[in-house]
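# Tertiary structure, described
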Amino acid sequence: DISLERATTAKEAVEIMGDLIEEYGWYGSGETINVCDGNEVWIVEFYGNDVWVAVKIPDDHFFVAANRARILDYDPEDTENYMASPNIISFAVDQGWYDPESGEPFEVAKIYAPNDNIYATRREWRAFDLVAPSLELSPQALRFPLSVKPEQKLTVKDVWDIKADYYQGTDYDLTVGPAAGPWGDPLRYANRGAGTWERSINMHRTCYVHIANVKAWLPEGVKALSWFGYGAPDTSYIVPLWPIVHESGQTLPDFYETGSRFEEFRTDSGWWVNTYVQQMTELRYVEAIEDLRAF
């Protein structure tokens, strides 16, 4: 929030966040954040203490993060595409996590946030496979490219479909098998441990879906468009919202201003209506989802 109030570009926002981390520290779990200004997209990761790194994604590439750190490569000489805290390497050396004499590459995420859990890896594979199937990435792989070039330009609907995916048509399709029940329900609880079913991209406990569509050539106030919907994307819908809506003397429809997941159920609340539809769809999913999509 602080960086967005102060920055004019994505790169400047990353620099501000980095400065704040170096001065005050990061005292929570790690985080991966994407920052876009319509011209550039930067991915920045915070690992704890005062350690962070960021990388610029190529203009025509697609990036995905799924509950684990993604940035492996770091080139301190390439200041156009990388930024990091001054101690990004020295801290790891001091802790005994990396030996510069070993000949091994310095892979940031592996050192500071090691995680090869299928809870994360399978979703990364699925998202990349949907946009670049010819790469034939393995669903069993533990690491993937940081970003890939989609084989065709992506629309907002394409991105929404990715967010609504539950591995349909693959060996991991959540609408088949005993756990899906008689009505092929893909929405079910999945945890990070072993002995459970797949964690899909589409998830029952999703609070909202948000797709930012940023067009730098448009005037301030309308160049950043948010496609927004409540609940699991597969059973929801998205509408365009502009940040200037309140400043222009308008208000959001009451549907979006009324109630929340922290308040009691009510039928005039966008959150509760969408959540109710999601819950009802689950009762006879394979039939109900067809009617819902048609509607």
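Up top is the structure.
These lines cover the structure that appears in this document, whether it is placed above or below. (Residues numbered from 1 in each chain as written. Predicted model: local features only at pLDDT ≥ 70, side-chain atom pairs only at ≥ 80, totals over all residues. Heavy atoms only, no water.)

Right, let's talk about the nonpolar core for a bit. Core analysis: the largest hydrophobic core is formed by 20 residues, its most contacted members being Tyr47, Val53, Ile88, Phe106, Val108 and Tyr112. Sorting the residues of this core by element identifies strand S2 (41-48), strand S3 (51-57), strand S5 (82-84) and helix H4 (108-112) as the ones contributing at least two each. Once you skip the residues sitting within four places of it in the chain, Tyr47 turns out to touch Trp52, Val53, Ala69, Ile71, Val108, Ala109, Tyr112 and Ala113. Membership of the second largest hydrophobic core comes to 14 residues, among which are Val14, Met17, Phe46 and Met83. (Core = buried A, V, L, I, M, F, W, Y, C linked by side-chain atoms within 4.5 Å. Buried < 20%, exposed > 50% of the residue type's maximum accessible area, 1.4 Å probe, protein only. Helix = DSSP H or I, 4+ residues; strand = E, 2+ residues; numbered from the N terminus. Contact = heavy atoms within 4.5 Å.)

Let us look at the pattern of salt bridges. Within this structure, the stated rule accounts for 15 salt bridges. A salt bridge links Asp165 to Arg126, with the shortest nitrogen-to-oxygen separation between them at 2.8 Å. Here Arg126 lies in helix H5 (residues 118-131) and Asp165 lies in the loop between helix H6 (156-163) and strand S7 (208-214), a separation of 39 residues in the sequence. Assigned by exposure class, Asp165 and Arg126 land together as buried. (Salt bridge = Lys/Arg side-chain N within 4 Å of Asp/Glu carboxyl O.)

As a further point, take the sheet that holds strand S8 (residues 224-230). Pairing between sheet strands relies on hydrogen bonds along the backbone, with the strands arranged either parallel or antiparallel. One open sheet holds the three strands; their spatial order is S7-S8-S9, and the pairing between them is antiparallel. Across the chains shown, the open sheet's two edge strands, defined by having one partner strand only, are S7 and strand S9 (239-241). Between one strand axis and the next, the sheet turns through 30° on average, direction left out of account. With three bridges joining them, S8 and S9 adopt antiparallel strand pairing. (Pairing = 2+ DSSP bridges. Axes fitted to C-alpha atoms, helices over the stretch in contact; angles between N-to-C directions.)

With that settled, the discussion passes to helix H8 (residues 270-283). Given a rise of 1.5 Å per residue, 14 residues ought to cover 20 Å, and the 21 Å separating the end C-alpha atoms of H8 matches this to within 8%. Among the residues of H8, Gly270, Trp271, Trp272, Asn274, Thr275, Gln278, Thr281 and Glu282 are the ones counted as buried. The inward-facing, buried residues of H8 abut S8, helix H7 (254-257) and helix H9 (285-294). (Expected span 1.5 Å × (residues − 1).)

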